[in-house]
Amino acid sequence: MKLNNKRTILVGLAFLSISAFWQMYDSIIPLILTNTFHLNETFSGAIMAADNILALFLLPLFGSISDRTNTRIGKRMPFILFGTGCAIILVNILPLLDNGYATAPSPFKTASFIIVLGLLLIAMGTYRSPAVALMPDVTPKPLRSKGNAIINLMGAVGGVLYLGISVLLYPREKTQGLVHVDYQPLFFVVSLIMVVSVAALLLTIREPRLARENQALKKKHP
């Protein structure tokens, strides 16, 4: 029995896109909250902690729901597609609100930014557990530790990819001294990574067939 490395790498594309997003979120959102919206560290920290609080409820909830889901494209894929699609739309609204507030500040724009940010965190929470669960669904049990290593490696690739893009788009000499930085290009590129990653996953991984093959192998070799 040998792990299908190519297939596992393709399955890991979902985790790659998630990692790229969270790297951007953790590095850019605090800057926007403090530099553009001028929130103090208490409010900014509370907002940044919201994703961990939501994760306590959303990750087990949607993991459990996906366990009981059965569609033509599989258990996990509907959540991955829906969550990614919503996240892509919402993540590109954030810099528009950021730039709009920098041009003409208003409490409405601050509230709108926080609401969109909350919806984005919910969208990300709907598919993280299903994305992680996809690998063991399509991988024989004795090979899952190796598969998990590849999935984590793909996550690291997503983080490194984001860091490279951010350095390329926003070198220190370009942003130093600016009153306001337009992050729209960065958000767009990260959302493009998410689109390409999930599209490649959908086109190359046939979740229902692979899950059936995995179950048949498990019955044959309990």
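To start, this report covers the structure provided alongside it. (Residues numbered from 1 in each chain as written. Predicted model: local features only at pLDDT ≥ 70, side-chain atom pairs only at ≥ 80, totals over all residues. Heavy atoms only, no water.)

**Some details on the overall build of the protein chain**
Selection criterion: In this description a helix means any DSSP run of H or I spanning at least four residues, a strand means any run of E spanning at least two, and both kinds are numbered starting from the N terminus. Any residue under 20% of the maximum accessible area for its type is buried, any over 50% is exposed, and the rest in between are partly exposed; the area is computed with a 1.4 Å probe on protein chains only. By definition in these notes, contact holds between two residues if any of their heavy atoms fall within 4.5 Å. Method for areas: the Shrake-Rupley scheme with a 1.4 Å probe, in which residue coverage is limited to the protein chains shown.
From N to C terminus, the protein chain includes nine helices and zero strands. Listing every helix and strand of the protein chain by position from the N terminus yields α-α-α-α-α-α-α-α-α. A buried classification covers 45% of the 222 residues belonging to the protein chain. For the protein chain, contacts bridging at least 24 residues in sequence account for 80% of all contacts bridging at least 6. A total of about 11,800 Å² of accessible surface is found on the protein chain, and carbon and sulfur atoms cover 67% of it.

**Topic: helix α6 (residues 144-169)**
Put simply, the rule is: A helix's residues, less one, multiplied by 1.5 Å, set its expected span.
Over its 26 residues, α6 runs 37 Å from end to end, which matches the ideal 38 Å to within 8%, given 1.5 Å per residue. Buried within α6 we find G147, I150, I151, M154, G155, G158, G159, Y162, I165 and S166. Tucked into the core, α6 has its buried residues touching α1 (5-11), α2 (13-36), α5 (107-138) and α8 (184-204).

**What to know about unusual backbone geometry**
A positive phi angle, near 55°, is found at H38, a position not held by glycine. One can find H38 in the loop between α2 and α3 (41-67). Of the residues examined, H38 reaches a relative accessible area of 60% and is grouped as exposed.

**Side note on the packing of aromatic side chains**
The condition is simple: Note on aromatic contacts: the rings of Phe and Tyr and the six-membered ring of Trp form a pair at centre separations within 6.5 Å, being stacked when their planes are under 30 degrees apart, edge-to-face when over 60 apart, and tilted otherwise. In this scheme, the term charge over a ring applies when either NZ of a lysine or CZ of an arginine sits within 6 Å of the ring centre and within 35 degrees of the ring normal.
On inspection of all chains with the given rule, the structure shows seven aromatic pairs. Centroid distance F21 to W22: 5.0 Å. Interplanar angle 75°. Geometry classified as edge-to-face. Geometrically, the ring pair formed by F37 and Y101 is tilted, given 4.6 Å between the ring centres and 40° between the ring planes. Taken together, the positions of F37 in the loop between α2 and α3 and Y101 in helix α4 (residues 77-103) put the pair 64 residues apart, joining distant regions of the chain. This pair shows no difference in class: F37 is buried, exactly as Y101 is. Three or more aromatic residues link up through ring pairs in this structure, and these residues are F21, W22 and Y25. Geometry around Y170 places K174 over its ring, the cationic atom sitting 5.8 Å from the centre.

**Concerning the side chain of D98**
For clarity, the cut-off: Charge assignment in this entry is limited to Lys and Arg as positive and Asp and Glu as negative, and neither His nor the chain termini are counted. In what follows, salt bridge is the name for a side-chain nitrogen of Lys or Arg lying within 4 Å of a carboxyl oxygen of Asp or Glu.
Position of D98 among the secondary structure elements: in helix α4. Although D98 lies buried, it forms no salt bridge, and the closest oppositely charged side chain, K109, sits 11 Å away as judged by the N-O distance.

**Considering helix α9 (residues 207-220)**
Let me state the cut-off plainly: Directions drawn from the helix axis to the C-beta atoms are what define this arc.
Between the first and last C-alpha of α9 there are 20 Å, a value that for 14 residues agrees with the 20 Å anticipated at 1.5 Å per step. Residues E207, L210 and N214 constitute the buried set of α9. Along the axis of α9, the buried positions cluster into a sector of 75°, meaning they face one direction only. Turned more than 90 degrees off the buried face of α9, the exposed positions are R212, K219 and K220. Those residues of α9 hidden inside the fold are in contact with α1, α4, α5 and α6.

**A short note on the packing of α5 against α9**
Defined as follows: Axes, fitted as lines to C-alpha atoms, cover a helix only where it is in contact. Angles between the N-to-C directions of the axes lie from 0 to 180 degrees. Our angle categories are set so that under 35 degrees counts as roughly parallel, over 145 as roughly antiparallel, 65 to 115 as roughly perpendicular, and the remainder as oblique. In this classification, the charged set is Asp, Glu, Lys and Arg, the nonpolar set is Ala, Val, Leu, Ile, Met, Phe, Trp, Tyr, Cys and Pro, and all remaining amino acids, among them Gly, are polar.
Following both chains from N to C, one finds α5 and α9 inclined at 45°, their axes separated by 8 Å at the closest point. Relative to α9, the element α5 is oriented oblique. Residues L134, P136, D137 and V138 of α5 form the contact with α9, whose participating residues are E207, L210, A211 and N214. Residues that form the contact of α5 with α9 fall into these classes: five nonpolar, one polar and two charged.

**Concerning a nonpolar patch on the surface**
Rule in force here: In this analysis, a patch consists of residues with relative accessible area above 30% that form no salt bridge, clustered at 9 Å for like charges and at 5 Å for the nonpolar side chains Val, Leu, Ile, Met, Phe, Trp and Tyr.
Among the surface-exposed residues, F188, L192, V195 and V196 lie close enough to one another that they form a single nonpolar patch of about 360 Å² accessible area. Relative to the helices and strands, V195 is located in helix α8.

**Focus on the environment of I29**
Mapping I29 onto the fold places it in helix α2. In this structure I29 comes out as buried when scored by relative accessible area, which is 1%. What I29 contacts, discounting residues up to four positions off in sequence, is M24, M48, L94, F113, L117 and F187.

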